[in-house]
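Each chain, letter by letter, is given below.
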Amino acid sequence: MTLSDLASIGSFVSAIAVVISLVYLASQVRQARSHQQAAIRTERASRLAMMNTAAEEPSIAEAIMKGLRGSDDLTATQYAQFTHFCRASFYNAEDTYFQHSEGLITAQAFASFVASVKGWAARAPGIRACWTQFRGLFVNEFAEWMDRTLAEVEPAPPIDTFAQWRTLVTEEQGKAVQVRKGDIA
């Protein structure tokens, strides 16, 4: 075997090593992307949990409920509480929007977010009014997206989720009674 043959074998082995390295690197990049998306989902969930936990405080919960409806008896303190809640929601929405536009969250996660905005936030007169007040604080690209999203939904009184829940509980209790009667028969 000549030195030239050994050099050829070395080049061949080197090329195979490069291909293996590239395949390994590609798998690591995919795995890193998955971990990054999981971390982003966790951070988004933590942010929302923190906002919801803060809203458990009775005075804030009352301010949010009054603010959503645009109640006439909203005090200046309740207005401040409600608008801070709205601004936090808008900043969360802006972050989610840009994470999606940068490919950091999946289309499914973004679709879920959009459904939430349209199903809850975009309907409430108080949130729509807050958006009008604070729109100028946000980057134009997001503000225009938010404007379009709000325009797709007609304002309506917020859904009385407590009354809705009570109705659903009553229905479930009725099902439980029917099952018990079926077990007895």
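Residues numbered from 1 in each chain as written. Predicted model: local features only at pLDDT ≥ 70, side-chain atom pairs only at ≥ 80, totals over all residues. Heavy atoms only, no water.

Chemist: Looking at this model, I keep getting lost on helix α2 (residues 58-69). Mind explaining?
Modeler: The α-helix winds at 3.6 residues per turn, so residues separated by three or four positions along the chain end up facing the same way. Relative to the 16 Å expected for 12 residues at 1.5 Å per residue, α2 spans 17 Å between its end C-alpha atoms, a close match to the ideal helical length. Within α2, the full set of buried residues consists of Ala63, Ile64, Lys66, Gly67 and Leu68. Here the buried face of α2 lies against α3 (76-101), α4 (107-121) and α5 (125-134). Gly70 sits one or two positions beyond α2 and adopts a positive phi of about 75°. (Helix = DSSP H or I, 4+ residues; strand = E, 2+ residues; numbered from the N terminus. Expected span 1.5 Å × (residues − 1). Buried < 20%, exposed > 50% of the residue type's maximum accessible area, 1.4 Å probe, protein only. Contact = heavy atoms within 4.5 Å.)

Chemist: Teacher, can you tell me more about the pattern of salt bridges here?
Modeler: Any two side chains of opposite charge can pair, so long as their charged atoms come close to each other. All chains considered together, the criterion is met by five salt bridges. Residue Lys118 is joined to Glu152 by a salt bridge in which the shortest nitrogen-to-oxygen separation is 2.3 Å. One end of the pair, Lys118, is in helix α4; the other, Glu152, is in the loop between α6 (140-151) and α7 (161-184), with 34 residues separating them in the sequence. Look at the salt bridges and you will find they share partners, linking Glu62, Lys66 and Asp73 into a network. (Salt bridge = Lys/Arg side-chain N within 4 Å of Asp/Glu carboxyl O.)

Chemist: Quick question: what am I supposed to make of the state of the cysteines here?
Modeler: Using the criterion set out here, one finds zero disulfides in the structure. Not part of a disulfide, Cys86 finds its nearest cysteine sulfur in Cys130, a span of 3.7 Å. By relative accessible area, which is 1% here, Cys86 ends up buried. (Disulfide = S-S within 2.5 Å.)

Chemist: Just checking my understanding: could you explain the environment of Ala122 for this structure?
Modeler: The topology assignment puts Ala122 in the loop between α4 and α5. As for Ala122 and Asp147, which are separated by 25 residues in sequence, their C-alpha atoms are 9.7 Å apart. With sequence-adjacent residues up to four places away left out, Ala122 is seen in contact with Val117, Arg128, Leu150 and Val153.

Chemist: Teacher, can you tell me more about the nonpolar core here?
Modeler: One broad rule of soluble globular proteins: the nonpolar side chains tend to lie buried together. Phe90, Ile127, Trp131, Phe142 and Trp145 are the most contacted members of the largest nonpolar core, which has 31 residues in total. Breaking this core down by element, the ones donating at least two residues are α2, α3, α4, α5 and α6. Looking at which element gives the most residues to this core, the answer is α3, with seven residues. (Core = buried A, V, L, I, M, F, W, Y, C linked by side-chain atoms within 4.5 Å.)

Chemist: So what exactly am I meant to see when it comes to a nonpolar patch on the surface here?
Modeler: On the surface, a cluster of nonpolar side chains totalling about 650 Å² of accessible area is made up of Met1, Ile9, Phe12, Val13, Ile16 and Ile20. Counting through the fold element by element, Ile16 comes out in helix α1 (residues 3-54). Looking at Ile16, the relative accessible area reads 37%, which means it is partly exposed. (Patch = residues over 30% accessible without salt bridge, like charges linked within 9 Å, V, L, I, M, F, W, Y side chains within 5 Å. Areas by Shrake-Rupley, 256 points an atom, 1.4 Å probe, with all protein chains shown as cover.)

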